[in-house]
Every structure is written in C-alpha cells, then in structure tokens.
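Spelled out, the chains give:
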Amino acid sequence: MASSTDLAAAAKARGIKYLLISYTDLFGAQRAKLVPAQAIAGMQRDGAGFAGFATWLDMSPADADLFAVPDPQTLIQLPWKPEVGWLASDLYINGEPVDQAPRNTLKRMVAKAAEQGLTLKTGVECEFFLTTPDGKAISDAADSADKPCYDASALMRRYDVITEICDAMLALGWGAYQNDHEDANGQFEMNWHYADALTTADRHVFFKFMAKSIAEKHGLRATFMPKPFLGLTGSGCHAHVSLWKGEENVFADDAGELGVSKTGYNFLGGIIEHAEGLCALFNPTVNSYKRINAPRTTSGATWAPNTVTYAGNNRTHMIRIPEAGRFELRLADGATNPYLLQAGILAAGLDGMAKATDPGPRLDINMYTEGHLVKDAKRLPLNLLDAVRALDASPMLRASLGEAFVSSYVKLKMADWTSYTAALTEWERANTLDC
Ligand SMILES: [Mg+2]
C-alpha cells in the first residue's frame, strides 16, 4: 500500500483543499469521500472507510469496513474546480485486496499480461448525449436532422460545453485530438490518445465524471446510457486495441492479412469465442440490448453489431480492422464499467493467444443488409439475462477474471435482471388482458 507520491505535499504545492477519494463499484458507479487536505496523509496510508454493502458490491451490512486506498499516480486536479483533487483507489478489507473490485480485477489481468512481457494498449471512444436536466429530451431543439452526424452547426451550438471538456483534457496531457457531433441528434464524441489499459480505464472513469459535471454546470445533462431514445443511434464505447512487447506492437505484421499478425488474429479469436459472456461486462444493462440487435435508426444505420463477426475496414461487424496493427472492438456501450471493459478484452485475448484460437473467416460484407446470407454467424445475446448466463457458464472467464469477481458480478446482475422483470408493464396488460 506504500506509495511514492506524498499526497499532503502535492496538495499543498498545488493549492488543493479537498481530495475526492473515489472508487468504481461493480455497476460502474463512482463512489467517493471528500477529504480535507489536512487529513489526507492518514487516508493515503490507511484508506478512506466505506460500507461496501451500501454500494454495488457483493457484500453484507455485517461486513467489516471497506477501505479505498488512493493511487497517488492518478491524482487529477478538477479542471472545473481546481481546489479539489480526484483520486482512483484500490479496495481493501482487513488489509487484503478485495478480489471482486473492478480496478483490482483489471490490475490482476494487467499483471497476467506482464508475466508474458505484454502490455495492452487501448483507446476508447465515449459517445454520449447532451439532454435536458430531466434526461427526457435532447437539449437542442434545432438538432433534428435525419443525418446529424458531423453537423457543424449543432456541434458549434454546444461549443462552450465541448471545449471546456476538451481544454481540460489538453491541460491534463491526455492528447485530446478531435470532437464531433455523432450519428444521433444530441449525441457527441470526444477523442483522446490511447494508452496502457489501466491508464485508459482511469481516464475513462474520470472522463464520464467530468463530462457529467461540466454539462451540469451548463444546465445540461450528459448521459452515457446506451439507448436513451428509441429510433436514434445508441451510445457505443468502441475500443481500439493493440498489444505491445516493449516498443514492439505484436499485432503488427506487414506479411499478415491486413497487416495484422497471427498473434493479433488469435487474440481477436479469443474475443470472438467468448463474446457472449463478455457482453455481460461490455453491455451490462437491460437497456444495452436496445442498442445491439436494434432495428435501423432514422439516420439509416445503428452502427452497432448484431453478430459475432469481424471484417476489414467495415463498421457493420463486431470487430473492424481499420488499419495494420490494431483492431476496433465495437461491441461495448456507454454503460460498460471502464475497468471491466479492459479486463474482459485481456482475459479473452490472452486465452485466444494461449490456445491459438482461429477467429474464423473475415466477412467483408454489409452485415446490416447481407447478414442473412451468412447462415452460421453467431448472434449476440438478445438480453442481459442471456449475457449474464453466458458469463456464469464460461469456465475460462471465471478462471481468468477470478472466481470471486465473476460470482459476485453474476449475483448482482441477476438481482438487477430480477428487479427489472418484477415490474408489471403496460405492454403486458395490452397483450395479455384478453388472453
Ligand atoms: Mg463514434
């Protein structure tokens, strides 16, 4: 638990008055305590105390205190409130790491890759909507085009919010490089440079917190909900993936198909093989399944996959190989837990490498219009229940991600599903009253 950066000294030097000691629970919610700088030294050593059961963790009210021990390397001075410092934390109980905790789970996977001298590097593309504060409508009534993607005027009407977030990323040294209006009315995407998996996951967590906070400041709401508006394109979280041995990208091979090495195809094969179980992590909400497997949207396409297939530079499949040395996983959505997204990619990819898994044939067809011609393409789960059952039934994912993590995650997600199905809906009445 020792660390090299003295947070008390860092706070003093940077004029930080309070520190948010935060952690991400199993459902991706960010929990925090706001600690005055005067008290940070003890918290850095022992962690901040929480009642784990009160958050989305598989714990009981009788459990001992959960301690969030901040990782000083993650310190970020809030760009919109510089007197506050933010910290990601690792969870401990009775001095032992909590195996089910998402950041701990990713760190175990990163360590597993490191044993082979490998580093996963990813960039994530976080799509989100800017809505009215109640979340019921997009915030810009003039943003109503059928094909709103890259709409310059709609983008500029949100200039103040988008540039405040982008300026913050530039100041933080993330290498922000573009912002656009996305394919749904009211939808945006902001891109920053890729990095190692843990760094990207911490930034992904912070990005969501920052986008929500800055939107709120401007009287708006930023939502990463996968499908907030039926008929409009949903919010994905595409991940661009490459694997490195030191300075060498082991996915790159000039002699390989599309410039991707055998290792790259095996890694990709692992993701294809375990896609159904991974959906429980990448598409973790009831709402997620209204984005994938969705009917065509008003813009003409959903841009989300329906099948477990891959292609070259073609966005209608689950995996796209846009250029040599990397692939884009288009499966995950805005609700994915940033740590579990990276952990899932690593678990399946490393398994594919270990077993030299063949990803099957590349399909260079328009999957939305010609998908029915491919008879044996695996379908994605149709709902959260099927995905959680697939994760539950996967010996590989259980072993690789950790038995304690998978058991806890499955237990809470099953309860989530049960809570959803407990509601008596109008649809049921309309379709069943006269049975
Ligand atoms: Mg996009």
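What counts as what
Residues numbered from 1 in each chain as written. Predicted model: local features only at pLDDT ≥ 70, side-chain atom pairs only at ≥ 80, totals over all residues. Helix = DSSP H or I, 4+ residues; strand = E, 2+ residues; numbered from the N terminus. Buried ≥ 20, exposed ≤ 12 C-beta atoms within 10 Å, placed from the backbone. Contact = placed C-beta atoms within 7 Å. Domains from an automatic or database assignment. Pairing = 2+ DSSP bridges. Expected span 1.5 Å × (residues − 1). Axes fitted to C-alpha atoms, helices over the stretch in contact; angles between N-to-C directions. Parallel < 35°, antiparallel > 145°, perpendicular 65-115°, else oblique. Left-handed = near helix turned anticlockwise from the far one by under 90°. Core = buried A, V, L, I, M, F, W, Y, C linked by C-beta atoms within 7 Å. Nonpolar A, V, L, I, M, F, W, Y, C, P; charged D, E, K, R; others polar.

Chemist: Help me out: how do you make sense of the overall build of the protein in this one?
Modeler: The secondary structure content of the protein amounts to 14 helices and 17 strands. By its C-alpha atoms, the protein is 65 × 50 × 50 Å across when sized along the principal axes. Looking at the protein as a whole, 48% of its 435 residues are labelled buried. Residue pairs at least 24 apart in sequence account for 71% of intrachain contacts in the protein once pairs closer than 6 positions are excluded.

Chemist: Would you explain the domain arrangement of the protein in this entry?
Modeler: Reports often express the size of an interface as the amount of accessible area lost when the parts come together. With domains assigned, the protein is organised as domain 1 (10-98) and domain 2 (108-419). Summarising the inter-unit geometry, the C-alpha centres of domain 1 and domain 2 are found 27 Å apart.

Chemist: Mind showing me how you'd approach unusual backbone geometry here?
Modeler: Excluding glycine, residues mostly carry a negative phi; peptide bonds, for their part, are mostly trans. Phi at Tyr150 is positive, roughly 65 degrees, even though this residue is not glycine. Positive phi outside glycine occurs at Trp303, with the angle close to 65 degrees. Inspection of the secondary structure assignment puts Trp303 in the loop between α8 (275-282) and β15 (310-311). For Trp303, a count of 22 C-beta atoms within 10 Å translates into the label buried.

Chemist: Even after reading the chapter, I still don't get the pairing of strand β6 (residues 84-93), so can you show me in this structure?
Modeler: As paired elements, strand β1 (residues 18-24) and β6 share five bridges and run parallel to each other. Along β6, the bridge assignment pairs Leu19 with Gly85. Here strand β5 (residues 76-77) folds back onto β6 in antiparallel fashion, the turn holding six residues. With two bridges connecting them, β6 and strand β7 (residues 96-97) associate as antiparallel partners. The residue bridging Tyr92 from the neighbouring strand is Pro97, located in β7. Counting the residues that bridge the hairpin from β6 to β7 gives two residues, and of these Asn94 lies at a positive phi of roughly 50 degrees.

Chemist: How should I be thinking about helix α7 (residues 262-273) in this particular structure?
Modeler: With twelve residues, α7 should cover 16 Å at 1.5 Å per step; its first-to-last C-alpha distance of 16 Å lies within 8% of that length. The element α7 is largely enclosed, with a buried count of eleven among its twelve residues. Looking at the buried side of α7, the elements it contacts are β13 (237-245), α8, β15, β16 (319-323), β17 (326-329) and α9 (338-355).

Chemist: What should I look at first to understand the environment of Thr263 in this one?
Modeler: Inspection of the secondary structure assignment puts Thr263 in helix α7. Among the residues examined, Thr263 registers 20 C-beta atoms within 10 Å and is labelled buried.

Chemist: Where do I start with the packing of helix α6 (residues 197-217) against α9 in this structure?
Modeler: The angle between the axes and the distance between the axes are what describe a pair of packed helices. Where α6 contacts α9, the axes come no closer than 8 Å and their chain directions differ by 155 degrees. Comparing the axis directions of α6 and α9 gives the class roughly antiparallel. Crossing hand, α6 versus α9: right-handed. Residue-level contacts link Ala197, Thr200, Ala201, His204 and Val205 of α6 to Pro338, Tyr339, Gln342 and Leu346 of α9.

Chemist: Quick question: what am I supposed to make of the nonpolar core here?
Modeler: The nonpolar side chains of a soluble globular protein tend to be buried, and buried together. Formed by 111 residues in total, the largest nonpolar core has its most connected members in Leu19, Ile271, Ala275, Leu329, Ile345 and Leu346. Formed jointly, this core draws a minimum of three residues from each of two domains, domain 1 (10-98) and domain 2 (108-419). When neighbours within four sequence positions are excluded, Ala275 is seen to be in contact with Val308, Met318, Leu331 and Leu380.

Chemist: Would you mind showing me how to read the packing of α8 against α9 here?
Modeler: In contact at an axis separation of 9 Å, α8 and α9 are set at 165 degrees when each is read in the N-to-C sense. As judged from the angle between their axes, α8 and α9 are roughly antiparallel. Judged by the sense of rotation from one axis to the other, the crossing of α8 with α9 is right-handed. Contacts between α8 and α9 involve Leu278, Leu281 and Phe282 from the first element and Leu340, Leu341, Gly344 and Ala348 from the second. The class makeup of the residues in the contact of α8 with α9 is six nonpolar, one polar and no charged.

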